[in-house]
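Structural description and commentary
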Amino acid sequence: MRIMAQMAMVMNLDKCIGCHTCSVTCKQAWTNRSGTEYVWFNNVETRPGLGYPREYENQEKWQGGWEVTKRGRLRLKGGGRFHKLLNIFGNPKMPEIDDYYEPWTYDYQNLLNAPAGQKHFPVARAHSLITGEPMTPKWGPNWDDDLGGAVEYGHKDPMLKGIEDKVKFEFEQTFMFYLPRICEHCLNPACAASCPSGAIYKRAEDGIVLVDQDRCRGWRMCISGCPYKKVYFNHHTGKAEKCTFCYPRVELGIPTICAETCVGRLRYIGLMLYDADAVLVAAAERDEHKLYEKQLTVFLDPEDPEIRAEAERQGIPHDWIEAARRSPVKKLIMDHQVALPLHPEYRTMPMVWYIPPLSPIVDSVASTGYDAEDVDNLFGAIDVLRIPMEYLANLFTAGNVTPVRAALEKMAAMRSYMRDINLGGVGNEEIAAKVGMTGQEIQDMFRLLAIAKYDERYVIPPSHKEQAHSLESISTECPVGEGGTAPGSGPVAVTIGSYSAAKARRETAQGQGTFLDWDGHGIPTSGVR
């Protein structure tokens, strides 16, 4: 047993309002420069829809992720090393710019400088950020937003395969929910296995998957290999880029920028302990319906004294083990089992999990005249949700409806149980028993999902000072400005020391910080912009 620690995230889709704040702040922090105009490390998709890039889930087309051979071994769907070397100069299994979208801006100067009194009202015409020529936008990072494109594109959603008769696109009968997406920072990343130059690596200390910009040669096999299409090509630098899980912040014990700025407080970040020797065995499970349960068996319980002792013996710091015990991600994935992985059938063992949405259920029950918070009514309504359970299963459990139903029933039971308490009664233990929980467990889950404070939602142990030199040694060149590197700067080592020093210099020079520097504790200092 080889015990390793992994940073992980859980998102509660019941609370996402589709405001895209996470996308905008991530864009400003990481991809606000030349060559990344079309790149969104974090995007929020409206389902049903084609997603970003268009139809990224259609692995019959893109050949991303892993598959199991007849001998029960894993191999890349797009072919192994020999196949990639033969096709290294021609890679057809990759989205084109039109599958993402051609980025554009508007000619605002035409509005600002238009002479007064002219006959026609001036307009700000769209111009391509790639060619600079006028254009008409026909696709974007979330063209399906708020059902705007559902009539035209919704029926092409790959997740509707096999359940077309259960999904209606008439306005009165359709459904929608938001799905925020970042890199999954997988336990078995196909992007890393696909890279001919070995530029993509998984950090041993926290499992974050990064791209070494010095070693990247722009072959773009990683883009084809990633089934989630969360690796991008910077056409200005000729390098691959991807979500970094905001590792400079995480090393300081601060959450990712998308989580920090999330309006709905739907993101949870914490550590998971897992057995690295069990990953490939779990990923090679032949029955796709069992992949979710198989991944659960990979995780280790930090409450077990033997696991804790073995983890410390293998070099995991004591405070990291304690953080894993308090991890909200561990509670939602292992203890309450309401969070589910995105597309486990890709066999990458993803580490960004989701609590399936339940919100419309109360309104649907109330419209019938029945008590919308009665547990029996809620359980019955789960089967007739406007969001078909089969659709959620295609997203989160490779088509296995049972875990999705169990998660939704626990969420429904929590609503009914807490309604009784909030109205001055006592919790009905029969409600908890129906979903295999106790009343105390339901109250703990309610606190975590509804009223958890900052330090309960984000349990991130900072990196140790003794690890600083090793972290700095794996830092890579960071493009700045117009896509190049600042003259004479050399590699930019974004670690605890350099990040803290830069923060101190900025505050000394300007006398103020930014909200990106605030760790969320207490009240921001005066002058924070």
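Note: the structure precedes this text.
Residues numbered from 1 in each chain as written. Predicted model: local features only at pLDDT ≥ 70, side-chain atom pairs only at ≥ 80, totals over all residues. Heavy atoms only, no water.

**Comments concerning the overall build of the protein**
- Each helix and strand counted, the protein has 24 helices and 15 strands in total.
- Burial status across the protein gives 52% buried among its 529 residues.
- Carbon and sulfur atoms make up 53% of the accessible area of the protein, which amounts to about 23800 Å² in all. (Helix = DSSP H or I, 4+ residues; strand = E, 2+ residues; numbered from the N terminus. Buried < 20%, exposed > 50% of the residue type's maximum accessible area, 1.4 Å probe, protein only. Areas by Shrake-Rupley, 256 points an atom, 1.4 Å probe, with all protein chains shown as cover.)

**A short note on the environment of Gly35**
- Within the secondary structure layout, Gly35 lies in the loop between helix H1 (21-30) and strand E2 (43-47).
- C-alpha separation for the pair Gly35 and His236, spaced 201 residues apart in sequence, amounts to 4.5 Å.
- Filtering out sequence-adjacent residues up to four positions away, Gly35 remains in contact with Phe233, Asn234, His235 and His236. (Contact = heavy atoms within 4.5 Å.)

**What about the environment of Asn188?**
- Looking at the secondary structure, you find Asn188 in the loop between strand E7 (177-181) and helix H7 (190-194).
- Asn188 sits 91 residues away from Val279 along the chain, and the two C-alpha atoms are 7.1 Å apart.
- The contact partners of Asn188, leaving out residues within four places of it in the chain, are Trp66, Leu74, Val279, Leu280, Ala283, Arg347, Thr348 and Met349.
- A distance of 3.0 Å separates the side chain of Asn188 from the backbone oxygen of Arg347, its partner in a polar contact. (Polar contact = N/O pair within 3.5 Å; in protein donor to acceptor, adjacent residues only side chain to side chain.)

**With respect to helix H19 (residues 401-422)**
- Over its 22 residues, H19 runs 32 Å from end to end, which matches the ideal 32 Å to within 8%, given 1.5 Å per residue.
- Every buried residue of H19 is listed here: Pro403, Val404, Ala407, Leu408, Lys410, Met411, Ala412, Ala413, Met414, Ser416, Tyr417 and Met418.
- At the N-terminal boundary of H19, the capping side chain belongs to Asn400, with an oxygen 3.3 Å from the backbone nitrogen of Thr402.
- Positive backbone phi, at 95°, marks Gly424, one or two positions downstream of H19. (Expected span 1.5 Å × (residues − 1).)

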